[in-house]
Amino acid sequence: MTQATQTLTQSSSSATFTGLKCKECGAEYEAKAIHVCEFCFGPLEVMYDYSALARTVTRETIQAGPNSIWRYRPFLPVTTDTPIDVGTGMTPLLKANRLARRLGLKRLYIKNDAVNMPTLSFKDRVVSVALTRARELGFTTVSCASTGNLANSTAAIAAHAGLDCCVFIPSDLEAGKVLGTLIYGPTVMAVQGNYDQVNRLCSEVANTHGWGFVNINLRPYYSEGSKTLGYEVAEQLGWELPDHIVAPLASGSLFTKIYKGFQEFAKVGLIEEKAVRFSGAQAEGCSPIAQAFREGRDFITPVKPSTVAKSIAIGNPADGVYAVDIARKTNGNIESVTDQEIIEGMKLLAETEGIFTETAGGTTIATLKKLVEAGKIDPEETTVAYITGNGLKTQEAVQGCIGQPLTIEPKLDSFERALERSRTLDRLEWQEVLV
C-alpha cells in the first residue's frame, strides 16, 4: 500500500477526491505526489466523486463553513478536516461602477485578490491547498519555482505550518517580492536565468531531494486551489454565473481552473448551468498563448520573456493549449498588451476604483479595455475581471509614471501657489486627452 493510499484510508471519510487522471489519455493513478502521466506524459488532474458531492453539499453547508477557501473543502483534494487555514480567500467582489463608466460597460465587477491573505495574491489559495496535501503525504520540506508571488505564499504558509522551505526565483525579480519572501525565513535560491530555466532546475531538484514542490510533483493538488476563484464569484453573485470573465494568463492553469470551478458548481446543482465567455490577458513581451490563439494553432511555441509583467512571464506555459481551447469553445478571446498599456491599466484601476494592482492586474485591465474598444465585450454583459496581486510588490513598474509630491514650505501662500500649479497641470493633461 502506498503512502497516498494509506493517507486516504486512515483519514476523514468526508474526502471526495478519488485519485488522479491524465488529461490526455485518461490513465488513472493513486493520489500521490506525481504530476505527469507515465504513458503519454500528459498532465494529471484530480478526480472527484460528484454524485457524493451532489448528495452532501448545499449552499447552506457552504455558507456555514469558515470565511475562507475552506468553506469549499469537499471540492478540494485534501482528506483532513483541519486544513492549513490562514484566512485565505473570500476576497471582495467589487462592483466597479466608475471603471465601468470609463469603459462603457454597465455591469463590471473586480474580483480583488490584491488583498488576499496572507501575502496579497491569489497564490495564497493554491499554496494553502498544496501544503495541506504535502503534509498529508508526509513531506517535511516544501519548495517551488516562482516569479515572486508563489515564493511569497509558499514561504509564509510553510512558516505557519512549521514546514521547512526552500524556494527558487529568477535573480532579477522586483525587490518587493524578494523581501516579501525573505522575511519568512526560508532558504531562497536566486537563479541567474528566466522562470523556465528556474523551473527546469527545480524538476531536477525534486527528483533528487524528494521535496514537495508545490508546482511540480504536487501540481495536481496545488492547481485545484484556483477553482475557489470560480466558486467565490458564483456565490458572491447570488449563486449565479457571470456572462464574461477576463483573467491573466501565465501557465494558463488559473484560467482552466476557474472554468472547472464553474462547471463543478453546475454539475452538483449549486447553480444553474450557463455559458460563460472566457477571455485571457497576456503581455506582448511574453504572449505564447495569445499568439497561438491569434494564429489558430493548437500548440504553443515557447518564447523568451521580456516584459515588465514578470509575475506572468512564463515562456513555455504548461496549460497553454487548454487555455486556448477554453477561450475558443466559450466564444472568448486571448489578447496581449504592451508594457506601456500595462502601466496605464494599473493607473486606470487605481484612479477609478482605488485598487493598486501589480503588473499582472494591469495586464488584465488593459486587455479588458482593449476588448471593449474592439467590440468583443457586450456592454450589457455581466463581466468579472480578476485582479490577482498587489501593486505594492511591483512599485518599480510605475516609478516615473505617476508624478511627484509637491514640496512646499509650511506657509499658507506656499500651499496656495502649489495648489494652483497642480490645477493648471491637471487642466493641461485633460487638454492633451481631448486633443
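All values reported here derive from a predicted model rather than from experimental measurement.

Student: Which residues make up the packing of aromatic side chains, and what are the values?
Tutor: One pass over the full model with this rule turns up 12 aromatic pairs. A ring pair is formed by Trp211 and Phe213, whose centres lie 6.3 Å apart and whose planes are at 20°; its orientation type is stacked. With a centroid separation of 5.4 Å and 75° between ring planes, the pair formed by Tyr259 and Phe278 is classed as edge-to-face. Of the two residues, Tyr259 is situated in helix 11 (residues 253-267) and Phe278 in strand 11 (residues 277-283); the sequence distance between them amounts to 19 residues. On the basis of relative accessibility, which here comes to 1%, the residue Phe278 falls in the buried class. Ring pairs connect the aromatic residues Tyr72, Phe75, Tyr231, Trp239 and Phe265, which therefore count as one cluster. Across from the ring centre of Phe299, 5.0 Å away, lies the NZ or CZ of Arg297, which sits over that ring.

Student: Explain the sheet that holds strand 1 (residues 17-22) to me, using residue names and the numbers behind them.
Tutor: With antiparallel pairing, the three strands of this open sheet are ordered in space as 2-1-3. On the outer flanks of this sheet lie strand 2 (28-29) and strand 3 (44-48), each paired with one strand and no other. Across two bridges, strand 1 lies against strand 2 in antiparallel orientation. In the strand pairing of strand 2, Lys21 is matched with Glu28.

Student: Please set out the packing of helix 6 (residues 149-161) against helix 7 (residues 175-182) residue by residue, giving values where relevant.
Tutor: Interaxial distance between helix 6 and helix 7 falls to 8 Å at its minimum, and their mutual angle equals 15°. On the basis of their axis angle, the class for helix 6 and helix 7 is roughly parallel. Considering how the two elements wind past one another, helix 6 and helix 7 form a crossing that is left-handed. When helix 6 is examined against helix 7, the residues Asn149, Ala151, Asn152 and Ala155 are found in contact with a partner set consisting of Lys177, Gly180 and Thr181. Taken together, the residues of the contact of helix 6 with helix 7 sort by class into two nonpolar, four polar and one charged.

Student: So, the pairing of strand 7 (residues 164-170): which residues are in play, and what are the values?
Tutor: Buried residues dominate strand 7, accounting for six of its seven residues. The sheet contact formed by strand 6 (residues 141-145) and strand 7 spans five bridges and is parallel. Note on strand 7: the bridge partner recorded for Thr141 is Asp164. As paired elements, strand 7 and strand 8 (residues 187-191) share five bridges and run parallel to each other. Bridged to Val167 within strand 8 is Val188. Between strand 7 and its parallel partner strand 8, the chain crosses via helix 7, and the hand of that crossover is right-handed.

Student: An account of a nonpolar patch on the surface is needed here, citing residue identities and associated values.
Tutor: Where nonpolar side chains cluster on the molecular surface, the patch consists of Leu406, Ile408, Leu412 and Phe415 and spans about 370 Å² of accessible area. Structurally, the position occupied by Leu412 is in helix 16 (residues 412-434). A relative accessible area of 62% means that Leu412 is categorised as exposed.

Student: Which residues make up helix 8 (residues 195-209), and what values go with them?
Tutor: Look at helix 8: 20 Å from first C-alpha to last across 15 residues, which is about the 21 Å you get at 1.5 Å a residue. For helix 8, the full list of buried residues reads Tyr195, Asp196, Val198, Cys202, Val205 and Ala206. Of the residues that open helix 8, the one with a side-chain oxygen 3.1 Å from the backbone nitrogen of Asp196 is Asn194. At the exit of helix 8 stands Gly210, carrying a positive phi of roughly 70°.

Student: Residues and numbers for the pattern of salt bridges, please.
Tutor: Enumeration according to the criterion identifies 25 salt bridges in this entry. Note that Asp243 is salt-bridged to Lys274, the shortest N-O span being 2.9 Å. With Asp243 in the loop between helix 10 (227-236) and strand 10 (244-248) and Lys274 in the loop between helix 11 and strand 11, the pair connects residues that are 31 residues apart, well separated along the chain. Between Lys369 and Glu373 there is a salt bridge; the shortest N-O distance is 2.7 Å. With Lys369 and Glu373 both in helix 15 (residues 359-373) and four residues apart, this pair spans about one turn of that helix. Counted as one network, the salt bridges with shared partners bring together Glu45, Glu224, Lys227, Lys257, Lys260 and Glu264.

Thresholds, definitions, all that
Residues numbered from 1 in each chain as written. Predicted model: local features only at pLDDT ≥ 70, side-chain atom pairs only at ≥ 80, totals over all residues. Heavy atoms only, no water. Phe/Tyr/Trp six-rings, centres within 6.5 Å; stacked < 30°, edge-to-face > 60°. Helix = DSSP H or I, 4+ residues; strand = E, 2+ residues; numbered from the N terminus. Buried < 20%, exposed > 50% of the residue type's maximum accessible area, 1.4 Å probe, protein only. Lys NZ or Arg CZ within 6 Å of the ring centre and 35° of its normal. Pairing = 2+ DSSP bridges. Axes fitted to C-alpha atoms, helices over the stretch in contact; angles between N-to-C directions. Parallel < 35°, antiparallel > 145°, perpendicular 65-115°, else oblique. Left-handed = near helix turned anticlockwise from the far one by under 90°. Contact = heavy atoms within 4.5 Å. Nonpolar A, V, L, I, M, F, W, Y, C, P; charged D, E, K, R; others polar. Right-handed = clockwise from strand over helix to strand, strands pointing away. Patch = residues over 30% accessible without salt bridge, like charges linked within 9 Å, V, L, I, M, F, W, Y side chains within 5 Å. Areas by Shrake-Rupley, 256 points an atom, 1.4 Å probe, with all protein chains shown as cover. Salt bridge = Lys/Arg side-chain N within 4 Å of Asp/Glu carboxyl O. Expected span 1.5 Å × (residues − 1). Polar contact = N/O pair within 3.5 Å; in protein donor to acceptor, adjacent residues only side chain to side chain.

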